[in-house]
Amino acid sequence: MKHQSVFVFSDEQQAYRFNEKHPFNHLRLALTYDLLKKSGALSDDQIIKPRMASEDEIALIHDQAYIEAVKEASEGRLAESVAGSYGLGTEDTPIFPQMHEAASLLVGGTLTAVDQVMSGSALHALHLGGGLHHGFKGKASGFCIYNDSSIAIEYMRKKYGARVLYVDTDAHHGDGVQWAFYDDPDVCTLSIHETGRYLFPGTGQVHEKGSGKGYGFSINVPLDAFTEDDSFLEVYEASIREVADFFKPDVIVTQNGADAHHLDPLTHLCSSIRTFHEIPRIAHDIAHDYCGGKWIAVGGGGYDIWRVVPRAWASIWLEMTGQTAKRSEPLVKEWLQAWEKQADVELPSSWDDPADLIPVIPRKQEITEKNRKTLEKAIFHILNEKKRSS
């Protein structure tokens, strides 16, 4: 084994850019990479360049007609009347030049991470350019053209015969991945997200449990709006441990959206950066407890690209590589100086948030109790099965 952990990255991944006003901005990749490099946490020999996914690999999940539509859109040849039926040319997923190639590189990055881990070249792999979990077989959705996580899971199933646990902590429900494997008993999806009553895509209710042989292997814990750190982490740790013990995976794939943070402009959850320090710590433990350490982590949502995403995503790498002690130091001055003029907000000076960042939430106890009841409903079938077998 060459490395304990590898970091899949290329500046070319910033080509996945809809337009200057769109909230999805992969400059956050460069910000995170630069923070890790300037902090002395990432060395050149740990970096693996992503490859381009082939059309055959993309077709593991996506319909060929949809792939052709994306290619035509990339070249400006897709009629507007046709584009809408594929979810392209919308406010969420505008068409941009070479979008097929840009999206294929993101998919290829996640496949690169998969091969590093599943071949034994690395125990853990981080690909922050991935995590585009809303893409469907024949339609773009929610900023996502190709669903790299679904493709990677199917790729693992076919090439390595792996039993995969997919854990999604993005504030938005991981709908595309759930529906891709809704009837598959060898893929378990766990999504912890803000309730769809207030937020796109509106799915991810506790009753969405899978179908046929896959019944019981889709698990959703929709959290109430304004959920804070303590409740989020209580639900996350309890659910991931129960689900992993129930499912017994060969490998864990985590989607690490950073949009549950209080400062995120698109959601209504109230986590601080503490949640994003703890999420990878617990996932790391689970990987070693159940998968021999095999852990593939991807990015996802996160729209406060200056104050939140770099620290949240860098924390995944610090956890993977046993460098969490660096968080007790101030953020490195060289990083702050490099980006402060470009940022449209004041950059944080610490890995942690100030104690007074989140205002007092009057309904905190009510929200906590509601989330506990939702958790019990979500994993009730698991708890019942444990009682029967004990």
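Details of the structure are given in the entry above.
Residues numbered from 1 in each chain as written. Predicted model: local features only at pLDDT ≥ 70, side-chain atom pairs only at ≥ 80, totals over all residues. Heavy atoms only, no water.

## Digging into the state of the cysteines
- This model, assessed by the stated rule, comprises 0 disulfides.
- Here Cys291 stays free of any disulfide, with the sulfur of Cys188 as its closest cysteine sulfur at 11 Å. (Disulfide = S-S within 2.5 Å.)

## Some remarks on the environment of Leu223
- When you line up the elements, Leu223 lands in strand S6 (residues 218-223).
- Along the backbone, Leu223 and His193 are 30 residues apart, and their C-alpha atoms lie at a distance of 5.8 Å.
- Apart from the residues within four sequence positions on either side, Leu223 is in contact with Ile192, His193, Glu194, Thr195, Phe232, Val235 and Asn371. (Helix = DSSP H or I, 4+ residues; strand = E, 2+ residues; numbered from the N terminus. Contact = heavy atoms within 4.5 Å.)

## Some points on helix H10 (residues 309-320)
- Counted at 1.5 Å a residue, the expected span for H10 with its 12 residues is 16 Å, and the 17 Å between its end C-alpha atoms agrees.
- Of all 12 residues in H10, 12 are buried, a share of seventy percent or more.
- Along H10, the residues classified as buried are Val309, Pro310, Arg311, Ala312, Trp313, Ala314, Ser315, Ile316, Trp317, Leu318, Glu319 and Met320.
- Each element contacted by the buried residues of H10 is listed here: strand S1 (3-8), helix H1 (27-38), strand S3 (122-127), helix H9 (273-290), strand S8 (295-298) and helix H11 (333-339).
- Remark: Gly322 follows H10 within two positions and exhibits a positive phi of approximately 65°. (Expected span 1.5 Å × (residues − 1). Buried < 20%, exposed > 50% of the residue type's maximum accessible area, 1.4 Å probe, protein only.)

## A closer look at the packing of helix H5 (residues 99-118) against helix H6 (residues 148-160)
- Where H5 meets H6, the closest approach of the two axes is 9 Å, and the angle between their N-to-C directions is 35°. Crossing angle aside, the handedness with which H5 passes H6 is right-handed. Note on element contacts: H6 touches H5 through Asp148, Ile151, Ala152, Tyr155, Met156, Lys159 and Tyr160, opposite Leu106, Val107, Thr110, Leu111, Val114, Asp115 and Met118.
- Here the contact of H5 with H6 is built from residues that sort into 10 nonpolar, 1 polar and 3 charged. (Axes fitted to C-alpha atoms, helices over the stretch in contact; angles between N-to-C directions. Left-handed = near helix turned anticlockwise from the far one by under 90°. Nonpolar A, V, L, I, M, F, W, Y, C, P; charged D, E, K, R; others polar.)

## Side note on the nonpolar core
- Tyr236, Ile252 and Trp335 are the most contacted members of the largest nonpolar core, which totals 70 residues.
- Looking at which element gives the most residues to this core, the answer is helix H8 (residues 229-247), with 9 residues.
- Beyond its immediate stretch of four places on either side in the chain, Ile252 contacts Leu165, Val167, Ile240, Ala283, Ile286, Ala287, Cys291, Lys294, Trp295 and Ile296.
- In terms of nonpolar packing, the next biggest core, distinct from the first, is built from 52 residues, Ala69, Met99, Ala162 and Val187 among them. (Core = buried A, V, L, I, M, F, W, Y, C linked by side-chain atoms within 4.5 Å.)

## Re the packing of aromatic side chains
- For the structure on display, the rule yields 18 aromatic pairs.
- Taken together, a centroid distance of 5.6 Å and an interplanar angle of 25° make the contact between Phe217 and Phe246 stacked. With Phe217 in the loop between strand S5 (187-194) and S6 and Phe246 in helix H8, this residue pair connects regions lying 29 residues apart in the sequence.
- Given a relative accessible area of 14%, Phe217 falls into the buried group. (Phe/Tyr/Trp six-rings, centres within 6.5 Å; stacked < 30°, edge-to-face > 60°.)

## Quick look at the packing of H8 against helix H12 (residues 364-378)
- With their axes 9 Å apart at the nearest point, H8 and H12 run at an angle of 15° to one another. In terms of orientation, H8 and H12 fall into the roughly parallel class. In terms of crossing hand, the pair formed by H8 and H12 is right-handed. Between H8 and H12, the contacting residues are Asp230, Ser231, Glu234, Val235, Ala238 and Ser239 on the first element and Lys364, Thr368, Asn371, Arg372 and Leu375 on the second.
- Considering only residue class, the contact of H8 with H12 consists of 3 nonpolar, 4 polar and 4 charged. (Parallel < 35°, antiparallel > 145°, perpendicular 65-115°, else oblique.)

## Overview of the pattern of salt bridges
- Considering all chains together, one arrives at 27 salt bridges under this definition.
- When the shortest N-O distance is used, the salt bridge between Lys159 and Asp115 registers 3.4 Å. Within this pair, whereas Lys159 is found in helix H6, its partner Asp115 is found in helix H5, the two being separated by 44 residues in sequence.
- Taken together, the shared-partner salt bridges in this structure form one network comprising Glu237, Arg241, Glu278, Arg281, Asp285 and Asp289. (Salt bridge = Lys/Arg side-chain N within 4 Å of Asp/Glu carboxyl O.)

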